[in-house]
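Survey of secondary and tertiary structure
Residues per chain, in single letters:
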There are 2 protein chains.
Amino acid sequence: MTVIYNKVALIGLGLIASSMALAMKRGGLATTITGYARSQETRDIARELNLCEVFDTAAEAVQDADLVVLCVPVGAMAAVMADIGPALKPGATLSDVGSVKKAVIEAVAPFVPEGVHFVPAHPLAGTEHSGPRSGFATLFDNRWCIIVPTEGSDRAAVEQLEKLWQGIGANTDEMDADHHDLVLAVTSHTPHLIAYTMVGVADDLSRVTDSEVIKYSAAGFRDFTRIAASDPTMWRDVFLTNKEATLEILGRFTEELFSLQRAIRTGDGEHLHDYFTRTRAIRRGIIDAGQDTDAPDFGRTPAPR
Amino acid sequence: MTVIYNKVALIGLGLIASSMALAMKRGGLATTITGYARSQETRDIARELNLCEVFDTAAEAVQDADLVVLCVPVGAMAAVMADIGPALKPGATLSDVGSVKKAVIEAVAPFVPEGVHFVPAHPLAGTEHSGPRSGFATLFDNRWCIIVPTEGSDRAAVEQLEKLWQGIGANTDEMDADHHDLVLAVTSHTPHLIAYTMVGVADDLSRVTDSEVIKYSAAGFRDFTRIAASDPTMWRDVFLTNKEATLEILGRFTEELFSLQRAIRTGDGEHLHDYFTRTRAIRRGIIDAGQDTDAPDFGRTPAPR
């Protein structure tokens, strides 16, 4: 139990913020946790769960906070900053949990008052569920949190934030914004867009009824539907704000897909077999790195007979 | 414990056959189970596991069997049939577990002797692991097994096979081969091709090193890698033999992907948000149908701290 910040304010109280609050409590990392959410309903739920001290305005929530974390969709950050900028305490650290970093820096930086340390961050963790009820204290355990210091970021502020994330359970790493956005386009943004697309196609198909797609989903499709059940607002903002990198990776994806499609059309079994053999190795690496389970089917609870 | 077939022969001893053997033993569904695999190594492992009575030739394994199940990749079925056709017992049922049905019927039917009942089937279950050691008795519990009777299939033979699959733990359904191949192109084949492609793209990217892709895979990518770790030979054969339906669904997928790509490029947030909202509903349906778990992240075992 080492207090890292005296007072932490969470702006936005969804899956990430509520999990942060629970993990900070578990580790005794903050003396006081305050919070704010735009919707009355979310604030009511957070109060009912006793997640933190909930305020009806963001400016009140950040009053006197040593760390303020923006946990709202990327597209909402500028508006939030216009509200809270003037209320931030000199010497405080301002961070965020946005899935893209270049756009967040562009949106937030202009509102950061002199004397406040802006240290963007991105914890690589989440589930397909949204809202304050979906949070849990172990969400970040053994996951990565990427810290993206901006030009002239105060080293002490960066290191204190890294300590917080380590206390929350995560491993930390530093990266610049451009590289972050490209890496995430590969490991997260493009896979999400593809999953959304495939689920949309299945939904559209009129010759194959909905109930058949659902009934027979265990054949592989259901893994895609988990990803495609993620929060629509958050993901809309991700694609609108990481446009360049996502379009680049999508271009490469389409190119590869066309080459495999051609191999299917021309009956080039060797090309297919070689490709499918190569992709097996990556899975092994991910399991060895402790980023997934080797249990068959992700160790899903077996369905009841 | 109701014996459904006196003697069952499994040709091919991979994940599906070994799971069938274990499930048949669990339910006491067969008096004798025999088996054959092409590779000496697989036969040795099957003997070591005491999976069934293992023979060194397929013809010996099917001798006197009441049910013979072809559990080899689709592309290998014709060659196997040339071997075992003459050894099949009159009155026996011949089935398979292939992931495509039209091509299997075309490959197998010419070798089926008069008096043998050919009833193709496809259990929709599997994991990313292959080989006899990966089998487990509960693999088919609450999954679907699609029975694809051919023209003139004997009703009694069809119903007996359905009883076996129900005893193994599966729900059964009947479908014609064309419809089966289209449904599976949507729920299984195209998702697999897409997952293979995305994992291949990540592997190729030189600016983002392998270790970064692996390190940060928990952001969504690792779900794709599970699917893309499936058996290369099996999947090569699936795409080569369900060419038409896969190419059709791939065409639709590309069309949708291009429309979402365009929305990203033009900044059409409403289109993206609407699309992402629609896809959430399918997930709910799959969970309500008992085909997946509602636990966050598939209920993956939390990573150790």
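In the annotation of an unreviewed UniProt entry, the entry for chain A reads prephenate dehydrogenase, and the organism field reads Loktanella salsilacus. As stated in UniProt under Sequence similarities (unreviewed entry), the record for chain A gives "Belongs to the prephenate/arogenate dehydrogenase family." The heading Pathway (unreviewed entry) in the UniProt record of chain A holds the text "Amino-acid biosynthesis; L-tyrosine biosynthesis; (4-hydroxyphenyl)pyruvate from prephenate (NAD(+) route): step 1/1."

For the rest of this paragraph, the subject is the nonpolar core. If you look at the biggest cluster of nonpolar residues, it comprises 146 residues, and the most contacted ones within it are A:Ile11, A:Leu94, A:Phe224, B:Ile11, B:Leu94 and B:Phe224. Ignoring any residue separated from it by four or fewer positions in sequence, one finds B:Ile11 in contact with B:Tyr36, B:Ala58, B:Ala61, B:Val62, B:Val68, B:Val69, B:Leu70, B:Cys71, B:Val72 and B:Val80.

Right, let's get into the environment of B:Ile4. Along the chain, B:Ile4 falls in the segment before β1 (5–11). Sequence separation between B:Ile4 and B:Ala17 is 13 residues, and the spatial gap between their C-alpha atoms is 17 Å.

Another point: the interface of chain A and chain B. The interface is formed by 117 residues belonging to chain A together with 117 residues belonging to chain B. Taken as a group, A:Tyr216, A:Ile264 and A:Phe276 account for 7% of the area that chain A buries against chain B, more than any other trio of residues on that side. On the surface where chain A and chain B come into contact, there are 12 salt bridges. The salt bridge involving A:Arg278 is made with B:Asp204; its shortest N-O contact spans 3.7 Å. Our count for the chain A to chain B interface comes out at 36 residue pairs in polar contact (both at pLDDT 80 or more). Broken down by secondary-structure element, the contributors of at least two residues to the side of chain A that touches chain B are β8 (144–147), α6 (155–168), α7 (177–204), α8 (210–215), α9 (221–227), α10 (232–241), α11 (243–266) and α12 (269–288) of chain A.

Residues and elements named next belong to chain A. Buried within helix α2 (residues 40–49) are the following residues: Arg43, Ile45 and Ala46. Summarising the axial view, the buried residues of α2 lie within an arc of 160°, below the 170-degree limit, and thus occupy one face. For α2, exposure combined with an orientation more than 90 degrees from the buried face picks out Glu41 and Glu48. Tucked into the core, α2 has its buried residues touching β2 (30–36) and β3 (53–54).

Residues and elements named next belong to chain A. You can see Asp181 is positioned in helix α7. It turns out Asp181 is buried and unbridged, and the closest side chain with the opposite charge, Lys102, is 5.6 Å from it. Reaching out from Asp181, the side chain makes a polar contact with the backbone nitrogen of Lys101 at a distance of 2.8 Å. Contacts of Asp181, omitting those with residues within four sequence positions, involve Val100, Lys101, Lys102, Asn242 and Ala245.

Parameters and conventions
Residues numbered from 1 in each chain as written. Chains lettered and ligands numbered in written order. Predicted model: local features only at pLDDT ≥ 70, side-chain atom pairs only at ≥ 80, totals over all residues. Heavy atoms only, no water. UniProt positions renumbered as here; feature names shortened; annotations may be inferred. Core = buried A, V, L, I, M, F, W, Y, C linked by side-chain atoms within 4.5 Å. Buried < 20%, exposed > 50% of the residue type's maximum accessible area, 1.4 Å probe, protein only. Contact = heavy atoms within 4.5 Å. Helix = DSSP H or I, 4+ residues; strand = E, 2+ residues; numbered from the N terminus. Buried area = accessible area lost by both parts, 1.4 Å probe. Salt bridge = Lys/Arg side-chain N within 4 Å of Asp/Glu carboxyl O. Polar contact = N/O pair within 3.5 Å; in protein donor to acceptor, adjacent residues only side chain to side chain. Arc of directions from axis to C-beta. Lys, Arg positive; Asp, Glu negative; His and termini not counted.

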